[in-house]
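# Examining the three-dimensional arrangement
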Amino acid sequence: MSLTVSAVAAAGAAWVWMPDDAEVVAEPEFTILRLPDYIAFDLSVVSFTPTRPLNEAVDAVVARARAFGPPVLDWQVLLGAPEGLEAELSARGGRVKLELEILAADLSNGAPVLRPPTVDVELRWATDVATARDGLAIEAAAFRGELPPAERIEAVAAKNTETVPSGLGGLLVAYVDGEPVGTGGVAIVDGVARLTGGVTAPSWRGRGVYRAVLDARLNYGAAHGATMALVKANPTTSGPILRESGFTGFGPEPVYAIPLHDGRPDRH
């Protein structure tokens, strides 16, 4: 299978991240999430399919977001987003908060063969509370969030106990000499292996830990029917490793921070 921009864009647009403990506002044209306190983002637009003039549709999103109270709305501009969306967000004071790139790899002939790590890495699925806590702690430190509450950690472990053996994916944690050093998630949806949260503890970077976690997730995806692997990555950190591992970049997906404070006009 040869991956096309349209196929990757469609798979990316279908990937709507909705933690089950988030508050969801779903309207015909958009979906906004109010995220739990332990996540670094407060409000996030996770889908946007306007059916009216773009400026009016953006105004409607911003107006609804203001009702929540936080000062900033995060809005990721997806591959295939309406033309002119970035200009509309910039006109409302939006600034790029996070540079991301959508990358994909063809798994139709199996997972690519990756270089092994230079240290002995043990990989564990987060099917127990201790492993889930280790993985979520690494995620929190890397993405400037906080460790979720105990009940959330227990819920992640319980979910992984069901989803990992059933081929739906889960959270993978890497250890070296018993120390948690890296993590990454994978979800298998409609033949796509969606890769999330791949990160290595700073003191262990450069030794192939990220590659080991990536390799395990790609092989898991291929073994459970995925023909495409998809990731929304930082182009300067994980991006080069992914490209070296058989991924192709299909375009930027920047996250804009839109100010919601009183007094700023909705429209330009």
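Presented here is an overview of the structure given in this document.

So, how was this worked out
- The residue numbering used here restarts from 1 in each chain and proceeds along that chain's sequence as written.
- Since the coordinates come from a predicted model, pLDDT governs what is reported: local features require at least 70, and pairs of side-chain atoms require 80 or more to be given and counted, while whole-chain, interface and lining totals use all residues.
- The side-chain numbers reported here are obtained from all heavy atoms of the structure, hydrogens and water having been left aside.
- Numbering of helices and strands starts at the N terminus; helices are DSSP runs of H or I of at least 4 residues and strands are runs of E of at least 2.
- For the radius of gyration, the atoms used are the C-alpha atoms, and the globule rule reads 2.2 Å times the number of residues raised to 0.38.
- The buried label goes to any residue with under 20% of its type's maximum accessible area, the exposed label to any with over 50%, and the partly exposed label to all in between, with areas taken from a 1.4 Å probe on protein chains only.
- By the convention used here, residues are in contact when the closest approach between their heavy atoms is within 4.5 Å.
- Note on areas: Shrake-Rupley with a 1.4 Å probe; residue coverage comes only from the protein chains shown.
- Charge convention: Lys and Arg are scored as positive, Asp and Glu as negative, and His as well as the terminal groups of each chain are ignored.
- Lysine's charge is taken at NZ, arginine's at CZ, aspartate's at CG and glutamate's at CD.
- Put simply, a salt bridge is a Lys or Arg side-chain nitrogen that is within 4 Å of an Asp or Glu carboxyl oxygen.
- Pairing between two strands requires that DSSP report at least two bridges joining them.
- Structural elements are reduced to axes, namely lines fitted to C-alpha atoms, with helices fitted over the stretch in contact, and the angle between N-to-C directions of any two is expressed from 0 to 180 degrees.
- A pair of aromatic rings is counted whenever rings of Phe, Tyr or Trp (Trp by its six-membered ring) have centres within 6.5 Å, and the orientation is called stacked for planes under 30 degrees apart, edge-to-face for over 60 and tilted otherwise.
- By definition, being over a ring means that NZ of Lys or CZ of Arg is both within 6 Å of the ring centre and within 35 degrees of the ring normal.

When you go through the protein chain residue by residue, the secondary structure sums to seven helices and 13 strands. Computed over the C-alpha atoms, the radius of gyration of the protein chain is 19 Å, within 12% of the 18 Å expected from 2.2 N^0.38 for a compact globule of 268 residues. Seen along its three principal axes, the alpha-carbon backbone of the protein chain occupies a region of about 55 × 45 × 35 Å. Each of the 268 residues in the protein chain was classed as buried or not, and the buried ones make up 47%. Sequence-distant contacts in the protein chain: of pairs separated by 6 or more residues, those separated by 24 or more amount to 72%. Approximately 12500 Å² of the protein chain is accessible, and the part contributed by carbon and sulfur atoms is 53%. Side chains of the protein chain carry 22 positive and 33 negative charges; the gap between the two charge centres is 4 Å.

Time to look at the pattern of salt bridges. Side-chain pairs of opposite charge can arise whenever the charged atoms involved come near each other. Applying the stated criterion across every chain yields a total of nine salt bridges. Residue D59 is joined to R92 by a salt bridge in which the shortest nitrogen-to-oxygen separation is 2.7 Å. Of this pair, D59 sits in helix α2 (residues 54-66) while R92 sits in the loop between α3 (85-91) and β5 (95-98), and the two are 33 residues apart along the sequence. By the burial criterion, D59 is buried, and R92 matches it. In this structure, the salt-bridge partner of R92 is E88, at a minimum N-O distance of 2.6 Å.

What follows concerns the sheet that holds strand β12 (residues 248-252). With respect to topology, seven strands assemble into an open sheet ordered β7-β8-β9-β10-β11-β6-β12, the strand pairing being mixed. Pairing within the sheet leaves two strands with one partner each, and these edge strands are β7 (122-125) and β12. Averaged over all adjacent pairs, the angle separating strand axes in this sheet is 25°, with direction ignored. With seven bridges joining them, strand β9 (residues 179-189) and strand β10 (residues 192-200) adopt antiparallel strand pairing. Bridging from a neighbouring strand, T183 pairs with V199 of β10. Sitting on the sheet, helix α1 (residues 5-14) touches β6 (101-106), β10, β11 (228-233) and β12, and the angle it makes with β11 is about 65°. The sheet strands contacting helix α5 (residues 150-166) are β7 and β8 (169-176), and the helix crosses β8 at an angle near 100°.

The next thing to look at is the pairing of strand β13 (residues 255-259). Here β13 lies mainly inside the structure; five of its five residues are buried. Every second residue of β13 is oriented toward a common face, with V255, A257 and P259 on one face and Y256 and I258 on the other, all of them buried. Across five bridges, strand β4 (residues 72-76) lies against β13 in antiparallel orientation. From the neighbouring strand, D74 faces β13, where its bridge partner is A257. The pairing of β5 with β13 spans three bridges and is antiparallel. Paired with R95 across the strands is A257, a residue of β13.

Here we come to the sheet that holds strand β2 (residues 30-34). Judged by pairing direction, the sheet is mixed, and its six strands sit side by side in the order β1-β2-β3-β4-β13-β5 without closing on themselves. Each edge of the open sheet is held by one strand with a lone partner, namely β1 (23-26) and β5. Averaged over all neighbouring strand pairs, the angle between strand axes comes to 30°, with direction disregarded. For β2 and strand β3 (residues 43-48), the ladder comprises five bridges, and the chain directions are antiparallel. Residue pairing across strands places R34 opposite L43, the latter belonging to β3.

Moving on, we come to the packing of aromatic side chains. For the structure shown, the criterion picks out two aromatic pairs. Centre to centre, the rings of F48 and W75 are 4.9 Å apart; their planes meet at 75°, and the pair counts as edge-to-face. Taken together, the positions of F48 in strand β3 and W75 in strand β4 put the pair 27 residues apart, joining distant regions of the chain. Across the pair, exposure class does not vary: F48 and W75 are buried alike. Where W125 meets Y220, the ring centres are 5.0 Å apart and the plane angle is 55°; that geometry is what we call tilted. You can see W125 sitting in strand β7 and its partner Y220 sitting in helix α6 (residues 209-223), a full 95 residues away along the chain. The positively charged end of R124 is found above the aromatic ring belonging to Y175, 3.7 Å away from the centroid.

Despite not being glycine, D177 shows a phi value in the positive range, around 55°. Tracing the backbone through its elements, the reader meets D177 in the loop between β8 and β9. Classification of D177 by relative accessible area gives exposed; the value is 79%. Non-glycine residue D190 carries a positive phi angle of around 50°. Within the secondary structure, D190 is located in the loop between β9 and β10. Classification of D190 as exposed rests on a relative accessible area of 77%.

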